[in-house]
Amino acid sequence: REYAVETIRSLTAAEENDRYLMTAPGLLEMLALIARGGPFLQHIPCEDKLSVVPAPPPTFEASGGIPGSRVAIDNTICVASDKARLHACIAIMNLSCGKSNKVEITGVPEILEGMRDVMLGRHFTKAPKTSSSNPSVPKSVVDEARLKATTCIKNLSNADANDAALLGTPGLVDTLGFVAEATCHPETGATTCSTHACLALMNLSISKANKNRVFRTPGVMDALMAVITRTANKKIDADVNPKDPSFEARVKACSALSNLAIGYDNKIPMFNYPGFVESILTVIRTDKAEARTKACSILWSFAAEMKNQVPVVRRGDILPALVSVAKEDTKTEARFKCVAALTLLAESPENAVPLLQAGSLEPLMHVLQEAGPDPTQWRGQTASWCVGFLMNMAQCDDVVPALLQEGIVDLLAPLLSLDHYQSLKAAMAVTFVCQYETGDKTYNLLRQTENVIPKIVGLLHNTLSGRGGSGYKYGVFTLRSSVGCIASLAAGPDFMKERIATDPVFESLLRVVTDYCVDGGTPGAIVGGGRDDTRSAVLAVRALSNLIGHLIPEPGCAAMPFGPLMDDQLIKALRSFELSTHPDIDNNTLNMAHSARIRVEGGKNMGTGNGSACSDSSPEDDMSNDIGGIGLSLARRFLSPFPCGMDLHVPSDQGNNTDNNTRPQTPKEEDAMSISDASAGSNSSVRTFLLTDSRTGRRYVVPCDPFGGRQFNDNRAWCFRRGRWCNEGEEPDSNFQWSDELQVAYTAALNDSSQH
């Protein structure tokens, strides 16, 4: 039998023989049986003597998965010699090298069970070596057979189609973990067998569906941790030999752990797994090659889970490691992984101050300075993550002074005018920090962010809709980022409020508040939101309060322009928010919600009689007493020298000519209500002002020139909401109907302005 198996083994050495061997009837099953130790015999008492009868192989479950001797507990004896089993393992391993053979071999359950038993050292005359064995003891036949069996499983795991069969074989994944640890000695390090076991686990952990299953397999985590700990470099600056088994095993073990950490269900339990973070930090501290990059990738995965972000920083040992790599490592991808991790950690406001104190700002700003102002010339994604880091940090009030002092605005300003994905993040960061600054420079910066406002609004809308946008995927931005940016814009100058006081923005903000507190709220998503995202809800309420206050300066002076359904939903959501008792909601925010609700209710309850002009109208501008019920609210700023659009009214009095003359006149073509990234409108700009109907509160954007700069043969209609001529395929907003009374007020306003 031994010679026969050796002959088959010799034939498998030539790949051209595979097609004959693979089609030989019963050959694979027989090789599997011999590798397992069979044929198996069993002594059965019969008429006062023992009879020898054929028996099936002992099951894995019956033995509890532990290695067994040649004679099993149930008197089952394996007949094959140790050398015959080795030859069978080599034959199967050789066949498993063929790309076309892998699936067919895996389809034979006996082979997988046989390789498992060999790796465990079951039914051999001598037990295999373990991690506690004397390293000076030479290898035996059983150790060589275990290596071949492990290599065979490694080969089969290279085919994704085999995952189900490999994972479905009882005890096979457990055994891979057992072999990885058993063949990695604390003193001498890993062996080729350790590397192949880790590589098989790495392959099995690639598929998203497998990650949690492999992670939950008993012994796998402990085995991989043992490998990366025992193979750590004894000297940090020692030269690395890529062919060294310890080097290879450490890389494969870290790769397997990195794959597992990507699994959404694994991020929290892996972070909390006893001793795991310490072992990863050991790799980062002692390794300078690929294993270090994989270890940093694991920390990145931990930071991607929102519930991990604060605990990661609170540990105290992870943050210094990330900052150290970001500062020192300029040759490998480890720096990129750490910058990404720092960016994600900055998503939690609680981490902003510790991140600043840990010195994370310096290396990331240095990366941006080296990358230059043109994102199209950036190499890799590191600089992009740095912009995201600054955007996240800028959302924390406590660190804004430090960001301003370090020159974040000057660093990001060149990105604002670009038609590039980075301009979105840069504009958001500048918006966050500029809410604390005033003056012409800040005003000019905000003007530069104007062209990005539709993208910011689109980001909020896309995030709530669970989809990505131009240049980003869903999940890249947290809901808090887009809501917070809208809240900053809403707290800014009037021209910013005009740009975002639109139906889509109100609908999105309303949904954030509704999902948080109306009827118990809803579950959140990976980006936040829902009943657990108090921060986003607070920001949404602040934004709503400022925008409602802009549309209705005094309770009862005007109505919301979005219809009664929106009014009812706003009232319900704001009332529910007022009843919130969460400790992170302060009285100021509750008062803002109350004030906003009162204004909406006041507008909703307005009668049909003559109204009064809103409080932002001067006595000279108020013509409601002269024009049958139409309150003409010519804001003091209506003659400012800026081109068309509700978005271009400056927040100062007309008399302040100095400010107006020093501020940029940037023509805008976007529809003020648009949430898309595309620009709309004509090439020519039209100066406009506002007419406010005191009965409805609607603000009509009308041209200063009655002809609106339109060509004689241009038959497009004017939209009083958008404040421009409709584009092809567009229709005017039907909610803004022009009337004879409005025409009289419009004519009077033009006459009045011509006299001044």
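Remember, it's a predicted structure, so these values are computed and weren't measured experimentally. (Residues numbered from 1 in each chain as written. Predicted model: local features only at pLDDT ≥ 70, side-chain atom pairs only at ≥ 80, totals over all residues. Heavy atoms only, no water.)

## A few points about helix α5 (residues 82–96)
For an α-helix, 3.6 residues make a turn, and residues three or four places apart therefore share a direction. The end-to-end C-alpha distance of α5 is 21 Å, a good match for the 21 Å that 15 residues give at a rise of 1.5 Å each. Within α5, 14 of the 15 residues are buried, which leaves the element mostly enclosed by the surrounding structure. (Helix = DSSP H or I, 4+ residues; strand = E, 2+ residues; numbered from the N terminus. Expected span 1.5 Å × (residues − 1). Buried < 20%, exposed > 50% of the residue type's maximum accessible area, 1.4 Å probe, protein only.)

## Things to note about the packing of helix α7 (residues 109–120) against helix α10 (residues 172–182)
It is at 10 Å that the axes of α7 and α10 come closest, and there the two elements cross at 30°. The pairing of α7 with α10 is recorded here as roughly parallel in orientation. Once α7 is placed against α10, the crossing between them reads as left-handed. Each of L112, R116, M119 and L120 in α7 lies in contact with α10, whose residues at this interface are L172, T175, L176, F178 and V179. Tallied by class, the residues present in the contact of α7 with α10 amount to seven nonpolar, one polar and one charged. (Axes fitted to C-alpha atoms, helices over the stretch in contact; angles between N-to-C directions. Parallel < 35°, antiparallel > 145°, perpendicular 65-115°, else oblique. Left-handed = near helix turned anticlockwise from the far one by under 90°. Contact = heavy atoms within 4.5 Å. Nonpolar A, V, L, I, M, F, W, Y, C, P; charged D, E, K, R; others polar.)

## Concerning the side chain of S246
Within the element layout of this structure, S246 appears in helix α14 (residues 245–262). Assessed through its relative accessible area of 10%, S246 is described here as buried. Leaving out residues up to four positions away in the same chain, S246 has contacts with T188, G189, A190 and T231.

## A few points about the pattern of salt bridges
In this structure the tally under the stated criterion is 20 salt bridges. The partner of R511 in a salt bridge is D515, and the shortest N-O contact between them spans 3.3 Å. Placement of both R511 and D515 in helix α31 (residues 503–517) is noted, with a separation of four residues, approximately one turn of the helix. Ionic pairing is found between E578 and R597, a salt bridge with its closest N-O pair at 2.4 Å. Residue E578 is located in helix α33 (residues 564–578), and its partner R597 is located in helix α34 (residues 587–604); the two are separated by 19 residues in the primary sequence. Residues joined in a network through salt bridges with shared partners are R36, E113, R116, D117 and R122. (Salt bridge = Lys/Arg side-chain N within 4 Å of Asp/Glu carboxyl O.)

## Describing the sheet that holds strand β2 (residues 49–55)
Ordered by their spatial adjacency, three strands build an open sheet running β2-β1-β3, and the pairing between neighbours is antiparallel. Two strands close off the open sheet at either side, each with one partner strand: β2 and β3 (76–78). With strand direction ignored, the average angle separating the axes of adjacent strands in the sheet is 35°. In this structure, strand β1 (residues 40–46) lies alongside β2, joined through seven bridges in antiparallel fashion. Along β2, the bridge assignment pairs I44 with S51. (Pairing = 2+ DSSP bridges.)

## With respect to the nonpolar core
Of all hydrophobic cores here, the largest spans 194 residues; its most connected members are I153, F302, L412, I486, F506, L509 and F577. Aside from chain neighbours lying at most four places away, what touches L412 is L368, V387, L390, A426, A429 and V430. Counting 14 residues, the second largest nonpolar core, distinct from the first, contains L691, W725, F736 and Y746. (Core = buried A, V, L, I, M, F, W, Y, C linked by side-chain atoms within 4.5 Å.)

## Let's talk about the side chain of D117
As for its placement among the helices and strands, D117 is situated in helix α7. Sequence-distant contacts of D117, defined by excluding residues within four places in its chain, comprise R36 and R122.

## Notes on the pairing of strand β5 (residues 699–703)
Burial runs high along β5: five of the five residues are buried. Both faces of β5 are covered, namely the face carrying R699, V701 and P703 and the face carrying Y700 and V702. Pairing between strand β4 (residues 688–692) and β5: five bridges, direction antiparallel. Across the sheet, the residue bridging to F689 is V702, located in β5.

## Considerations on unusual backbone geometry
Here G38 and P39 are connected by a cis peptide whose omega angle stands at 0°. Residue H123 is not a glycine yet carries a positive backbone phi of 65°. Mapping H123 onto the fold places it in the loop between α7 and α8 (141–157). In this structure H123 comes out as buried when scored by relative accessible area, which is 4%. One non-glycine residue with positive phi stands out, namely D519, at about 55°. Counting through the fold element by element, D519 comes out in the loop between α31 and α32 (534–551). Owing to a relative accessible area of 68%, D519 belongs among the exposed residues under this scheme.

## Some remarks on the confidence of the model for the chain
Chain-level pLDDT for the chain is 83 on average; 83% of the residues reach the 70-or-more range. Here residues 607–684 is a poorly scored stretch, pLDDT under 50, and it has 188 contacts once near neighbours within four places are set aside; other chains count. (pLDDT = per-residue confidence, 0-100.)

## So, the packing of helix α13 (residues 220–230) against α14
Where α13 contacts α14, the axes come no closer than 8 Å and their chain directions differ by 140°. Considering the angle they form, α13 stands oblique to α14. For the pair α13 and α14, the sense of crossing is left-handed. Residue-level inspection shows M221, L224, V227 and I228 of α13 in contact with α14, the latter providing A249, R250, A253, C254, A256, L257 and L260. Grouping the amino acids of the contact of α13 with α14 by side-chain chemistry returns ten nonpolar, no polar and one charged.

## Here's the deal with the environment of T12
Positionally, T12 belongs in helix α1 (residues 2–12). Classification of T12 as buried rests on a relative accessible area of 3%. Taking C-alpha positions, T12 is 5.9 Å from N94, a pair spaced 82 residues apart along the chain. Non-local contacts of T12, meaning those with residues more than four positions away in its chain, are made with D18, L21, A91, N94 and L95.

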